[in-house]
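Chain by chain, the residues:
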Amino acid sequence: MSILIKPIITEKATTQSELLNSYTFQVNTKANKVEIKKAVEAAYGVSVEKVRTINVRPDRRTRYTKTGIQHGKTNAVKKAIVQLAEGEMIDLYTNM
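## Details of the overall build of the protein chain
Item 1. Along the protein chain, the regular secondary structure elements total 2 helices and 6 strands.
Item 2. Along the protein chain, helices and strands appear, N-terminal first, in the series β-α-β-α-β-β-β-β.
Item 3. Relative to the 2.2 N^0.38 estimate, which gives 12 Å for 96 residues, the radius of gyration of the protein chain is 17 Å and therefore markedly larger than a compact globule would have.
Item 4. Dimensions of the protein chain along its principal axes, counting C-alpha atoms only, are 60 × 30 × 25 Å.
Item 5. Burial status across the protein chain gives 29% buried among its 96 residues.
Item 6. Taking as baseline every contact in the protein chain between residues at least 6 positions apart, the subset at least 24 positions apart corresponds to 61%.
Item 7. For the protein chain, the accessible surface area stands at approximately 7,100 Å², while carbon and sulfur atoms represent 50% of it.

## Observations concerning the side chain of S22
Item 1. Structurally, the position occupied by S22 is in strand β2 (residues 22-27).
Item 2. By relative accessible area, which is 2% here, S22 ends up buried.
Item 3. Residues contacting S22, with those up to four places away along its chain left out, are A13, Q16, S17, R52, I81, V82 and Q83.

## Quick notes on the packing of aromatic side chains
A ring pair, where both rings are aromatic, is described by two values, the distance of the centres and the angle of the planes.
Item 1. Under the criterion given, the structure shown has 1 aromatic pair.
Item 2. Geometrically, the ring pair formed by F25 and Y44 is tilted, given 5.8 Å between the ring centres and 35° between the ring planes. With F25 in strand β2 and Y44 in helix α2 (residues 33-44), this pair connects stretches of sequence that are 19 residues apart.
Item 3. In this structure F25 comes out as buried when scored by relative accessible area, which is 1%.

## Side note on the nonpolar core
Item 1. One finds F25, I36, V40, V48, V82, L84 and I90 to be the most contacted residues of the largest nonpolar core, which totals 15 residues.
Item 2. When contributions to this core are tallied by element, the ones reaching two or more residues are β2, α2, β3 (48-56) and β6 (77-84).
Item 3. Setting aside its immediate chain neighbours within four residues, V40 contacts L4, F25, G45, V46, V48, V82 and I90.

## Describing the sheet that holds β2
Item 1. One open sheet holds the 4 strands; their spatial order is β1-β2-β6-β3, and the pairing between them is antiparallel. Because the sheet does not close on itself, it has two edges, and the strands there are β1 (4-7) and β3. Between one strand axis and the next, the sheet turns by 30° as a mean value, whatever way the strands run.
Item 2. Across 6 bridges, β2 lies against β6 in antiparallel orientation. Within β6, the residue paired with F25 across the bridge is A80.
Item 3. Against the sheet, helix α1 (residues 11-19) makes contact with β2 and β6, and its axis sits at roughly 135° relative to β2, the strand it touches most.
Item 4. The strands touched by α2 are β1, β2, β3 and β6; relative to β3, the strand with the most contacts, the crossing angle is about 120°.

Calculation rules
- Residues numbered from 1 in each chain as written.
- Predicted model: local features only at pLDDT ≥ 70, side-chain atom pairs only at ≥ 80, totals over all residues.
- Heavy atoms only, no water.
- Helix = DSSP H or I, 4+ residues; strand = E, 2+ residues; numbered from the N terminus.
- Rg over C-alpha atoms; globule rule 2.2 N^0.38 Å.
- Buried < 20%, exposed > 50% of the residue type's maximum accessible area, 1.4 Å probe, protein only.
- Contact = heavy atoms within 4.5 Å.
- Areas by Shrake-Rupley, 256 points an atom, 1.4 Å probe, with all protein chains shown as cover.
- Phe/Tyr/Trp six-rings, centres within 6.5 Å; stacked < 30°, edge-to-face > 60°.
- Core = buried A, V, L, I, M, F, W, Y, C linked by side-chain atoms within 4.5 Å.
- Pairing = 2+ DSSP bridges.
- Axes fitted to C-alpha atoms, helices over the stretch in contact; angles between N-to-C directions.

What follows is the structure, given as structure tokens:
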């Protein structure tokens, strides 16, 4: 079970990384804060001060087509906002 799936690089996440030294990752839905902290520290070699998690519910959509009503939904995801110690940073844009 890999805990970190991918970093989330959006305008809001980039601003938080520059101003607040917080980075956002998409993580496994069954991972807890302690596991996320250990995974980030092991993967990037930084010390983590705080971890906040968000469970994002799936979006439900309905389409009206010739064959009838189509129902669908997206996958539920879990995000983790990780705050690093003062003076440390993660470079997400270089290849590892």
